[in-house]
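Architecture at a glance
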Amino acid sequence: MTTTDGALHGTYRCPVCGHRDSIEVMPDAPAKRTKCSYCGAALDVTARSAETVNLDVKVAEEPVPG
Ligand SMILES: [Zn+2]
């Protein structure tokens, strides 16, 4: 398997409801805004390292539009 453009596929756990979901993030990009598919909480997901799929998740201050 080869990765494209250095994108990382990782799994994060929603800090609000504990739901697990997968996401693709770029290691050099700012936090990726997403929304929990279970409780709808807006989340910012960042990759801590390009070598390990270790995602940092925090609740965003603003809801995701739409
Ligand atoms: Zn959630």
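Note that this is a predicted model, so its numbers are computed, not measured.

**Quick look at the overall build of the chain**
Helix and strand content of the chain: zero helices and five strands. Shown N-terminal to C-terminal, the secondary structure of the chain runs as helices and strands in the order β-β-β-β-β. A buried classification covers 12% of the 66 residues belonging to the chain. Of the contacts formed within the chain by residues at least 6 apart in sequence, a portion of 26% connects residues at least 24 apart.

**A look at the nonpolar core**
In this structure, Y12, C14, C36, L43 and V57 together form the largest nonpolar core, which totals five residues. C14 has contacts with H19, C36, Y38, C39, A41 and L43, leaving out every residue within four places of it along the chain.

**As for the environment of R13**
Relative to the helices and strands, R13 is located in strand β1 (residues 8-13). When the C-alpha positions of R13 and D56 are compared, they lie 9.3 Å apart, and in sequence the two are 43 residues distant.

**Re the environment of C39**
Structurally, C39 is set in the loop between β3 (32-35) and β4 (42-47). For the pair formed by C39 and V16, sequence separation is 23 residues and the distance between their alpha carbons is 7.8 Å. Those residues within four positions of C39 in sequence are excluded, and the remaining contacts are C14, V16, C17 and H19.

**Considering the pairing of β1**
Across six bridges, the pairing between β1 and strand β2 (residues 20-25) is antiparallel. In the strand pairing of β2, L8 is matched with V25. Counting the residues in the hairpin turn of β1 and β2 gives six residues, including G18, whose phi is positive at 85°.

**Regarding the sheet that holds β3**
Two strands in a sheet stick together by hydrogen bonds in their backbones, pointing the same way (parallel) or opposite ways (antiparallel). Taken in spatial order, the three strands of this open sheet run β3-β4-β5, and their pairing is antiparallel. The open sheet is flanked by β3 and β5 (55-59), the only strands paired with a single partner. The average angle at which neighbouring strand axes cross in this sheet is 30°, direction not considered. Here β3 runs beside β4; their pairing, made up of four bridges, is antiparallel. Considered in β4, the bridge of T34 is made with L43.

**Description of the environment of E24**
Here E24 shows up in strand β2. Those residues in contact with E24, other than ones at most four positions away along the chain, are A7, L8 and H9.

The rules behind the values
Residues numbered from 1 in each chain as written. Predicted model: local features only at pLDDT ≥ 70, side-chain atom pairs only at ≥ 80, totals over all residues. Helix = DSSP H or I, 4+ residues; strand = E, 2+ residues; numbered from the N terminus. Buried ≥ 20, exposed ≤ 12 C-beta atoms within 10 Å, placed from the backbone. Contact = placed C-beta atoms within 7 Å. Core = buried A, V, L, I, M, F, W, Y, C linked by C-beta atoms within 7 Å. Pairing = 2+ DSSP bridges. Axes fitted to C-alpha atoms, helices over the stretch in contact; angles between N-to-C directions.

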